[in-house]
Amino acid sequence: MQIMEKDGVVKAQFEENELKKLTGEVSHVALDIGGSLIKMVFFCRDNNCSGHEHGNKSSKDTNGLTNGYSEYPVLKGKLHFLKFETKRINECVEFMSSKQFQSNGGCFCKAPACDKNIIKATGGGAFRFADLFKEKLGITLDKVDEMDSLVAGVNFLLKGVTGEAFTYMDGKNEYVQIDQNDLYPYLLVNIGSGVSMIKVDGDDKFERVSGTSVGGGTFWGLGKLLTKCKSFDELLELSHSGNNRVIDMLVGDIYGGTDYSKIGLTSTAIASSFGKAVSGNKELEDYRPEDVARSLLRMISNNIAQIAYLNALRFGLKRIIFGGFFIRGHAYTMDTISVGVDFWSKGEAKALFLRHEGYLGALGAFMSYKKDGLTDLITHHSASEPPKNLSNCSTVQDLNENGSIECTFQLSNWPV
Ligand SMILES: Nc1ncnc2c1ncn2[C@@H]1O[C@H](COP(=O)(O)OP(=O)(O)O)[C@@H](O)[C@H]1O
Ligand SMILES: CC(C)(COP(=O)(O)O)[C@@H](O)C(=O)NCCC(=O)O
């Protein structure tokens, strides 16, 4: 069985041998099955951790949990992150089956409300693939609303994980510690296949205020057609060496090389994305795929940044947090978005990015185990070091090494 793609986190944590060691140690799996990717978050107890932190010292069952104690068990371990392509959902199912997630995947607990073959799932695929999970794994997907999950996920990260949020501009990233008393309001812009914009005013207080169908799916879909790239990462990589000016029509192209300063446009500003393709007798083959990829990435990122800014302006929000796997920690994408937000807001609004950008929904679905007795999920320290300077790497992949999150939680529905 091949895992479609291992990002830095997974590579560091889940080489085959490591995966074998995880058997029987995994609990509380949550899925976010989106239009493009399946994101999985699961908790794995530390090997050296018995699973019962405080209270009685009597014998433990095979799960490392106590039998018939008056105290609730406290589990210590890590949250791990993994993703698969939605079109290859069978690989996800095979992975879960091989790790026997169906027998210990839901929860450790025995309370009726917490059946071990029920797992939390969000995203459209929680509806679309419910029968598949039931049929192949005997797992029932307990559906959690996608917007609720995104907000719960981002709030968890912003409150609990040091080094999670950062700004990115001119090749430099800066880690931002957000004061928890000054977290709200903010605009969450989740760039998945499509884009959702959510005004967040409190822990469970939010409103989806806007969205656009021109998102990550558009970039990858059009990019695939126009460049013949075989993978998303190949398309991103290609864009790295491209020059958008070959295809984009700049203000200077229209104004004879000069700025249009009266309305604040420099000669190098893009007047019309892909606009140059109209003039001349060039066919698609006459353009370098890297230039096409670059123009496309710039067009989509700019457009999202502009809609995000307009929504921030609409509600007087100063902080715009960008999530979703479209960003992929890609330097040029983040730079384009940041410059766009800065330019249109005249420096008033700030774009923030997240290290676990693509896992907001899955984390939020994971948090919803709270309702079933998982309480006090406490993170112990940061995912790892705060972001390094990104100037020499094209994606945040390097950053994500050891991106698993150390935590403990308590199971309050453990039978006494
Ligand atoms: N390995 C990948 N395969 C496909 N798309 C990817 C990949 N990595 C990043 N992406 C981008 O991420 C987008 C999906 O982001 P995601 O937040 O997972 O949304 P969804 O929930 O719609 O799947 C894709 O449309 C694409 O732009
Ligand atoms: C329908 C969705 C919430 C699904 O989420 P996704 O799988 O794209 O992450 C999202 O694609 C979206 O918000 N689309 C934009 C629709 C619109 O506002 O025009």
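Residues numbered from 1 in each chain as written. Chains lettered and ligands numbered in written order. Predicted model: local features only at pLDDT ≥ 70, side-chain atom pairs only at ≥ 80, totals over all residues. Heavy atoms only, no water.

With that settled, consider the nonpolar core. Leu31, Met40, Leu79, Met96, Phe133, Leu158 and Leu188 are the most contacted members of the largest nonpolar core, which has 62 residues in total. Shared between two domains, this core takes at least three residues from each, and those domains are domain 1 (9-150 + 358-411) and domain 2 (165-242 + 288-354). For Leu31, the contacting residues outside a window of four places in its chain are Ile38, Lys39, Met40, Met96, Ile119, Lys120, Ala121, Thr122, Phe133, Leu141 and Ala365. Membership of the second largest hydrophobic core comes to 39 residues, among which are Met197, Val209, Ile300 and Leu317. (Core = buried A, V, L, I, M, F, W, Y, C linked by side-chain atoms within 4.5 Å. Buried < 20%, exposed > 50% of the residue type's maximum accessible area, 1.4 Å probe, protein only. Domains from an automatic or database assignment. Contact = heavy atoms within 4.5 Å.)

A word on the pairing of strand S9 (residues 195-202). In terms of burial, S9 is largely enclosed, as 7 of its 8 residues are buried. Here strand S8 (residues 186-191) runs beside S9; their pairing, made up of 6 bridges, is antiparallel. Paired with Val189 across the strands is Met197, a residue of S9. Of the strand pairs in this sheet, S9 and strand S10 (residues 205-212) are connected by 7 bridges, and their pairing is antiparallel. Counterpart to Ser196 in the pairing with S10 is Gly211. Joining the antiparallel neighbours S9 and S10 is a turn of 2 residues. (Helix = DSSP H or I, 4+ residues; strand = E, 2+ residues; numbered from the N terminus. Pairing = 2+ DSSP bridges.)

Turning our attention to the site of ligand 1. Around ligand 1, the structure places 17 residues, and the nearest of them are Ser36, Leu37, Lys39, Ser193 and Gly216. Contacts to ligand 1 include Phe325, whose backbone N or O atom sits 2.9 Å from an oxygen atom. Separating an oxygen atom of ligand 1 from a backbone N or O atom of Phe326 is a distance of 3.3 Å. In the complex, the protein chains occlude 94% of the 560 Å² of accessible area that ligand 1 would expose alone. Listed by contribution, the elements that provide at least two residues to the shell around ligand 1 are strand S2 (37-45) and helix H8 (216-227). Here the shell around ligand 1 takes 3 residues from H8, the largest share from any one element. Per-class residue counts for the shell around ligand 1 are 5 nonpolar, 8 polar and 4 charged. Looking at which domains feed residues into the shell around ligand 1, each of domain 1 (9-150 + 358-411) and domain 2 (165-242 + 288-354) gives three or more. (Near = heavy atom within 4 Å. Polar contact = N/O pair within 3.5 Å; in protein donor to acceptor, adjacent residues only side chain to side chain. Areas by Shrake-Rupley, 256 points an atom, 1.4 Å probe, with all protein chains shown as cover. Nonpolar A, V, L, I, M, F, W, Y, C, P; charged D, E, K, R; others polar.)

The final tally for this structure, using the stated rule, is 12 aromatic pairs. Here Phe84 and Phe95 contribute two aromatic rings whose centre-to-centre distance is 5.7 Å and whose plane-to-plane angle is 50°, an arrangement assigned as tilted. Of this pair, Phe84 sits in strand S3 (residues 74-85) while Phe95 sits in helix H3 (residues 89-98), placing them 11 residues apart in sequence. Pair check on accessibility: Phe84 and Phe95 agree, each one buried. Ring geometry for Phe322 against Phe353: centres 5.8 Å apart, planes inclined by 25°, an arrangement best described as stacked. Of this pair, Phe322 sits in strand S13 (residues 319-323) while Phe353 is found in strand S14 (residues 350-354), placing the two residues 31 residues apart along the sequence. Judged on exposure class, the residue Phe322 and its partner Phe353 are both buried. Three or more aromatic residues joined by ring pairs make a cluster, and in this case those are Phe219, Trp220, Phe232 and Phe326. (Phe/Tyr/Trp six-rings, centres within 6.5 Å; stacked < 30°, edge-to-face > 60°.)

Now for the site of ligand 2. As a structural note, the neighbourhood of ligand 2 is formed by Gly34, Gly35, Glu146, Met147, Ser193, Gly194, Val195, Ser196, Arg208, Gly211, Thr212 and Ser213. Within the backbone of Ser193, a nitrogen or oxygen atom sits 3.3 Å from an oxygen atom of ligand 2. In this structure, Val195 approaches ligand 2 through a main-chain N or O atom, which is 3.4 Å from an oxygen atom. Expressed as a share of its isolated accessible area of 460 Å², the protein-covered part of ligand 2 is 63%.

Don't take any of this as a statement about function, it's just geometry.
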